[in-house]
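Here is how the chains run, residue by residue.
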Amino acid sequence: MRQRAAAEKKADSEAVVIGVISGKGGVGKSVFSVNFSIALSEMGKKMLIIDLDIGMGNIEHLVGRSSLPDIADCAHDHLQLSDAIFKGPGNISFIAGGNGLSTLFRPDGEHLDAFLRQIEQIKRNYDFILFDFGAGVTDDMLHYILAVHQMILVTTPEPPAMADGYSALKIICSKNAALPVFCVVNMTGNSREGKETWQRLSGAAKKYIHIDLQWLTALHRDNAVIRSVREQSPCVLRYPHSRFSIDMRLLARAFLVQYQHEQAVSSFSPFVLRVKKYFELLRGK
Ligand SMILES: Nc1ncnc2c1ncn2[C@@H]1O[C@H](COP(=O)(O)OP(=O)(O)OP(=O)(O)O)[C@@H](O)[C@H]1O
Ligand SMILES: [Mg+2]
């Protein structure tokens, strides 16, 4: 059943925008975006996924909805972005990336501007907005990254996925080195393999790109995910006790803990700066 998302209202602050990226395709970004959003929604967070794999989008299929207005329709028919927000399972909202003809749509400066302005307007309604990007780094993507506060790099333990992930990271960090980046290692055989993959990637990122790649949790390779994709029903809802679903809830919890810690540090820092200034004044600097 198609259901437009009713205008949602969230009380306090504006949404944090998270870009989900990878180097290589097919590493599980979209599966991650959907299941991560549902896991956070179960913890009381208001979630919106925007499928920015324009023309090749598959979020709508992963949540069992199809033929919805998408981002390209918004641009062509001058619809508001909020008119393309639909309710998915697990109380998440999403905007479809479209397929087929939408491949002809390349956002120009005017559309990008309108998109970014409308994102600002809907930010108050959500805790987190996820941008599910296509594989690799494109010119268009670099524009959308202007609106992003944090990145999640998804990779698998396979060397080609890691190498391409590292290259994507390098390009993005050359545009914005201050962007916090989390690493999710998907389709691991065991937890050690996940951590080892992160250690190798974060070692290279620290040495050559000078960024801290933050660890979350590994997600096991699990046939329940493959079945849930075929059934167009997200794994954490369809198979809540599967290995992948348990991992995903742990990951969502780890993410919130790190996020809240960062929030506390950043709201604390003006106070620290004031104290520092006070002591400098006392010392007559
Ligand atoms: N943890 C997992 N265990 C088993 N299979 C998985 C897992 N995660 C993803 N997959 C499989 O990988 C496929 C590709 O996943 P997904 O579409 O999320 O990749 P993607 O990175 O978004 O791809 P693209 O780059 O094309 O957008 C899924 O259809 C699913 O079958
Ligand atoms: Mg995808």
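A quick note: this is a predicted structure, and the numbers were derived from the prediction, not measured. Within each chain, residue numbers correspond to sequence positions counted from 1 in written order. Each chain takes a letter, starting from A, and each ligand takes a number, starting from 1, following the order in which they are written. This being a predicted model, a pLDDT of at least 70 is required before a residue's local features are given, and a value of 80 or more before pairs of side-chain atoms are given or counted; all residues contribute to the totals for chains, interfaces and linings.

A. Quick peek at the packing of helix α6 (residues 159-175) against helix α7 (residues 191-209). Fitting a line to C-alpha atoms yields each axis, with helices limited to the stretch in contact; the angle taken between N-to-C directions then spans 0 to 180 degrees. Comment: elements are numbered from the N terminus, with helices defined as DSSP H or I runs of at least four residues and strands as E runs of at least two. Orientation of α6 relative to α7, taken along the N-to-C sense of each, is 35°, at an axis distance of 11 Å. Once α6 is placed against α7, the crossing between them reads as right-handed. When α6 is examined against α7, the residues Met-162, Gly-165, Tyr-166, Leu-169, Lys-170 and Cys-173 are found in contact with a partner set consisting of Thr-197, Arg-200, Leu-201, Ala-204, Ala-205 and Ile-209. The crossing is said to be left-handed when, going from far helix to near helix, the turn is anticlockwise and less than a right angle, and right-handed when the turn is clockwise. Note that contacts rest on C-beta atoms placed from the backbone: two residues are in contact if these are within 7 Å.

B. Quick peek at α7. Taking 1.5 Å per residue as the helical rise, α7 with its 19 residues ought to reach 27 Å, and the 26 Å between its terminal C-alpha atoms agrees with that figure. Turning to α7, the residues buried within the fold contact β6 (150-155), α6, β7 (181-188) and β8 (213-215). Positive phi appears at His-210, one or two residues downstream of α7, with a value of about 60°. For a helix, the expected span equals 1.5 Å multiplied by the residue count minus one.

C. Seen up close, the site of ligand 1. Close to ligand 1 lie 21 residues, the nearest being Gly-25, Gly-28, Lys-29, Ser-30 and Val-31. Looking at the shell around ligand 1, the elements that each hand over two or more residues are α1 (29-42), β7 and α8 (223-230). Just so you know the grouping, Ala, Val, Leu, Ile, Met, Phe, Trp, Tyr, Cys and Pro go in nonpolar, Asp, Glu, Lys and Arg go in charged, and all remaining residues, Gly too, go in polar. Considering only residue class, the shell around ligand 1 consists of 9 nonpolar, 8 polar and 4 charged. For each residue, a C-beta position is placed from the backbone atoms; the residue is near a molecule or strand when that point lies within 6 Å of it.

D. Focus on the nonpolar core. Val-20, Ile-49, Phe-94, Phe-131, Cys-183 and Val-184 are the most contacted members of the largest nonpolar core, which totals 73 residues. The leading source of residues in this core is α1, at 7 residues. The residues contacting Val-20, other than those within four sequence positions of it, are Lys-29, Phe-32, Ser-33, Leu-130, Phe-131, Asp-132, Phe-133, Ile-152 and Val-154. The term nonpolar core refers to a set of buried Ala, Val, Leu, Ile, Met, Phe, Trp, Tyr and Cys residues connected through C-beta atoms within 7 Å. Exposed residues have 12 or fewer other C-beta atoms within 10 Å of their own C-beta, buried residues have 20 or more, and partly exposed residues fall in between, where C-beta atoms are placed from the backbone.

E. Seen up close, the pairing of strand β1 (residues 16-21). In terms of burial, β1 is a largely internal element, 5 of the 6 residues being buried. Strand pairing is assigned whenever DSSP identifies at least 2 bridges connecting the two strands. Looking at chain direction, β1 and strand β5 (residues 128-132) are connected through 5 bridges and run parallel. By the bridge assignment for β5, Val-16 is matched with Phe-128. Strand direction decides the pairing type here: β1 and β6, joined by 4 bridges, are parallel. Pairing of Val-20 across the sheet is with Ile-152, part of β6.

F. Inspection of the pairing of strand β2 (residues 47-51) at higher detail. For β2, the tally of buried residues reaches 5 of 5 residues, placing the bulk of the element in the interior. By the alternation rule, side chains of β2 split into Met-47, Ile-49 and Asp-51 and Leu-48 and Ile-50, which are all buried. As judged from the 5 bridges shared by β2 and β5, these two strands associate in the parallel manner. Paired with Leu-48 across the strands is Ile-129, a residue of β5. Pairing geometry for β2 and strand β4 (residues 93-95), over 3 bridges, is parallel. Residue pairing for β4: Ile-49 is matched across the bridge by Phe-94.

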